[in-house]
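# Observations on the model geometry
Given next are the chains, with one letter for each unit.
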Amino acid sequence: MTGEFFIFAIVALLTIVSSAAVVISKNLIYSAIALLFALLGVAGLYIFLWADFIAVTQVLIYVGGILVLIIFGIMLTHRITDVELSHSSIQRGAGGAVVAIIFLGLFLMISKTTWYSASAVEPDETIRQIGMLLMVDYLLAFEVASILLLAALMGAALLSRKID
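Residues numbered from 1 in each chain as written. Predicted model: local features only at pLDDT ≥ 70, side-chain atom pairs only at ≥ 80, totals over all residues. Heavy atoms only, no water.

### Looking at the overall build of the protein
The secondary structure content of the protein amounts to six helices and zero strands. Put simply, the protein runs from its N terminus to its C terminus through helices and strands in the order α-α-α-α-α-α. Here the C-alpha radius of gyration of the protein, 21 Å, is well above what a compact globule of 164 residues would show, namely 15 Å. If one aligns the C-alpha atoms of the protein with their principal axes, the spans along those axes are about 65 × 55 × 25 Å. In the protein, buried positions account for 12% of the 164 residues. Within the protein, residue pairs in contact and separated by at least 24 positions form 60% of the contacts whose partners lie at least 6 positions apart. (Helix = DSSP H or I, 4+ residues; strand = E, 2+ residues; numbered from the N terminus. Rg over C-alpha atoms; globule rule 2.2 N^0.38 Å. Buried < 20%, exposed > 50% of the residue type's maximum accessible area, 1.4 Å probe, protein only. Contact = heavy atoms within 4.5 Å.)

### A closer look at the confidence of the model for the protein
On average, the protein scores 85 in pLDDT, and the residues at 70 or more come to 91%. Per-element confidence in the protein is highest for helix H1 (residues 3-24), whose mean pLDDT is 93, and lowest for helix H5 (residues 127-137), whose mean pLDDT is 84. (pLDDT = per-residue confidence, 0-100.)

### With respect to the layout of surface pockets
When its volume is computed, the largest pocket comes out at roughly 600 Å³. If you go around the largest pocket, you meet 16 residues; those closest to its centre are Leu60, Ile61, Gly65, Ser146 and Leu149. Ranked by residues supplied to the lining of the largest pocket, first place goes to helix H3 (residues 52-76) with eight residues. For the lining of the largest pocket, the per-class residue count stands at twelve nonpolar, four polar and no charged. When its volume is computed, the second largest pocket comes out at roughly 250 Å³. Surrounding the second largest pocket, Thr2, Glu4, Phe5, Phe8, Ile47, Phe48, Trp50 and Ala120 form its lining. Looking at the lining of the second largest pocket, the elements with two or more residues in it are H1 and helix H2 (28-48). When residues in the lining of the second largest pocket are grouped by element, the largest group, three residues, is from H1. (1 Å grid on protein atoms, 1.4 Å probe; cavity = no way out; pocket = protein on both sides within 12 Å on 5 of 7 lines; lining within 4 Å. Points joined across faces, edges and corners; volume = space filled by probe spheres on them. Nonpolar A, V, L, I, M, F, W, Y, C, P; charged D, E, K, R; others polar.)

### A word on the packing of aromatic side chains
The relative placement of two aromatic rings is captured by the distance of their centres and the angle of their planes. Tallying each qualifying case throughout the model produces one aromatic pair. Note on Phe8 and Phe48: the rings are 5.4 Å apart at their centroids and 85 degrees apart in plane angle, and the pair reads as edge-to-face. With Phe8 in helix H1 and Phe48 in helix H2, this residue pair connects regions lying 40 residues apart in the sequence. A relative accessible area of 35% places Phe8 in the partly exposed class. (Phe/Tyr/Trp six-rings, centres within 6.5 Å; stacked < 30°, edge-to-face > 60°.)

### Let's talk about the environment of Ala38
Its place among the elements puts Ala38 in helix H2. With 15 residues separating them along the chain, Ala38 and Phe53 place their C-alpha atoms 18 Å apart. Filtering out sequence-adjacent residues up to four positions away, Ala38 remains in contact with Thr15, Ser18 and Ser19.

Pasting the structure below:
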């Protein structure tokens, strides 16, 4: 077992366990924290796929933006701790059976497939090219999108204020 495989196994396990914790947890804050680790794990998986720009974008947009907005939404909601969340469902067994069948099918497919293996070639750096496109060729569209997102954030903050 190589060091790369060991690190990949840790990142994949972190992603799977954190994703399960998002769904299973009955506390919204704990689910949001588990979502943080799940999104960081997905960014780590992008790094293993040599998608460095997508990994950085994953961290900046989803972890730095979307997750912070989710946590703000949870924190700004009045009396969120008084709400009793229930995950009980009468169809939990049927859903578990469907998931088990899907995982069994995926496992059989993965185990019986002959995989092509070749030596990995490190790709060229993509961040510089994408940065030049964003900051030179498509600067106006990039700035308009950022102003639109800023206006949406200010509108959400205005709507979440307590009315006197």
